[in-house]
Amino acid sequence: MNKNWKLLERKKVYGSKFVNVYEDKIELPNGSVIDDYTVIEKPSIVIIVATDEKGDVIILHEYKYAVGKTLLTLPAGHKKKEEMPIDTAKRELLEETGFSGDNFEELGILYDYPTKDIHKVYVVRATNVVQKEHTEHEETEGIHYQLITKEELKKQIKNKEWKTSSALAAITLSGILF
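The present account deals with the structure reproduced in this document. (Residues numbered from 1 in each chain as written. Predicted model: local features only at pLDDT ≥ 70, side-chain atom pairs only at ≥ 80, totals over all residues. Heavy atoms only, no water.)

## Concerning the overall build of the protein chain
Next up, step 1: Scanning the protein chain from terminus to terminus reveals 3 helices and 11 strands.
Next up, step 2: Across the protein chain, helices and strands are ordered from the amino to the carboxyl terminus as β-β-β-β-β-β-β-α-β-β-β-β-α-α.
Next up, step 3: By principal-axis analysis of the C-alpha atoms, the protein chain measures approximately 55 × 35 × 30 Å.
Next up, step 4: When the 178 residues of the protein chain are sorted by exposure, 39% land in the buried category.
Next up, step 5: For the protein chain, the proportion of contacts with a sequence separation of at least 24, taken over those separated by at least 6, is 56%.
Next up, step 6: Total accessible area on the protein chain stands at roughly 10,900 Å², and carbon and sulfur atoms take up 50% of it. (Helix = DSSP H or I, 4+ residues; strand = E, 2+ residues; numbered from the N terminus. Buried < 20%, exposed > 50% of the residue type's maximum accessible area, 1.4 Å probe, protein only. Contact = heavy atoms within 4.5 Å. Areas by Shrake-Rupley, 256 points an atom, 1.4 Å probe, with all protein chains shown as cover.)

As structure tokens, then:
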């Protein structure tokens, strides 16, 4: 028995450079049809778990408009369509923090909300990074970076100071706290 849902029709109901919204007509494995299943497509991103030569972790304090708060997170950014995740990681780490290096490894792909969203989060680990330049942030980026020890990061997580699920998942996937 086929356990997959079958896409019968897809209609774009909204589109911008940041998000596309589709209304799908789908057939379930039992033969039932849903006429209005909403699916969201956002650009894929790369999130970077970076440590310097001492093993300290680069974290960001970044204002997130949608929730109206400054949150703890990791360097990250949109992956260009034909760009490799490691190239995105190098570009975004330098843009957001001024740090760069040669030791980058792609760890895997995460999905934030795979029930309704086809957005991918690529996780990249960067080690032994060094500060190369001063950063100039985009107008919409309220970012301040900080280097903290792994023990400080553990304490922040234990104290529930981290609220971004993709950053927490990337930290876990990286294994830096084990």
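## Quick look at the environment of I86
Next up, step 1: Tracing the sequence through the fold places I86 in helix α1 (residues 85–97).
Next up, step 2: Take I86: its relative accessible area is 25%, and that puts it in the partly exposed class.
Next up, step 3: Considered as a pair, I86 and L107 are 21 residues apart in the sequence and their alpha carbons are 10 Å apart.
Next up, step 4: Not counting residues up to four positions away in its chain, the partners in contact with I86 are F104, E105, E106 and V124.

## Re the pairing of strand β2 (residues 20–27)
Next up, step 1: The pairing of strand β1 (residues 6–15) with β2 spans 8 bridges and is classified as antiparallel. Looking at the pairing, K6 lines up with E27 of β2.
Next up, step 2: Here β2 runs beside strand β3 (residues 33–41); their pairing, made up of 7 bridges, is antiparallel. Counted as the bridge partner of I26 is I34 from β3.
Next up, step 3: The antiparallel hairpin formed by β2 and β3 contains 5 residues in its connecting segment, where G31 sits at a positive phi of about 95 degrees. (Pairing = 2+ DSSP bridges.)

## What about the pattern of salt bridges?
Next up, step 1: Following the criterion strictly, the structure yields 8 salt bridges and no others.
Next up, step 2: Salt-bridge contacts for E92 lead to R91; the nearest nitrogen and oxygen are separated by 2.8 Å.
Next up, step 3: Residues joined by salt bridges that share partners form a network here, namely E83, R91, E92 and E95. (Salt bridge = Lys/Arg side-chain N within 4 Å of Asp/Glu carboxyl O.)

## Quick word on the sheet that holds β3
Next up, step 1: Read across the sheet, 3 strands follow the order β1-β2-β3 without closing on themselves; strand pairing throughout is antiparallel. Where the open sheet ends on each side, the last strands, each with one partner, are β1 and β3. For this sheet, the mean inter-axis angle between neighbouring strands, taken without regard to orientation, is 25 degrees. (Axes fitted to C-alpha atoms, helices over the stretch in contact; angles between N-to-C directions.)

## A word on helix α3 (residues 165–174)
Next up, step 1: Those residues of α3 not exposed but buried are S166, A167, A170, I171 and S174. Within α3, the buried residues cover an arc of 140 degrees as seen down the axis, which keeps them to one side.
Next up, step 2: On its buried face, α3 is in contact with β4 (45–52), β6 (69–73), β9 (103–111), β10 (120–131) and α2 (150–158).
Next up, step 3: G175 sits one or two residues past α3 and shows a positive phi near 75 degrees. (Arc of directions from axis to C-beta.)

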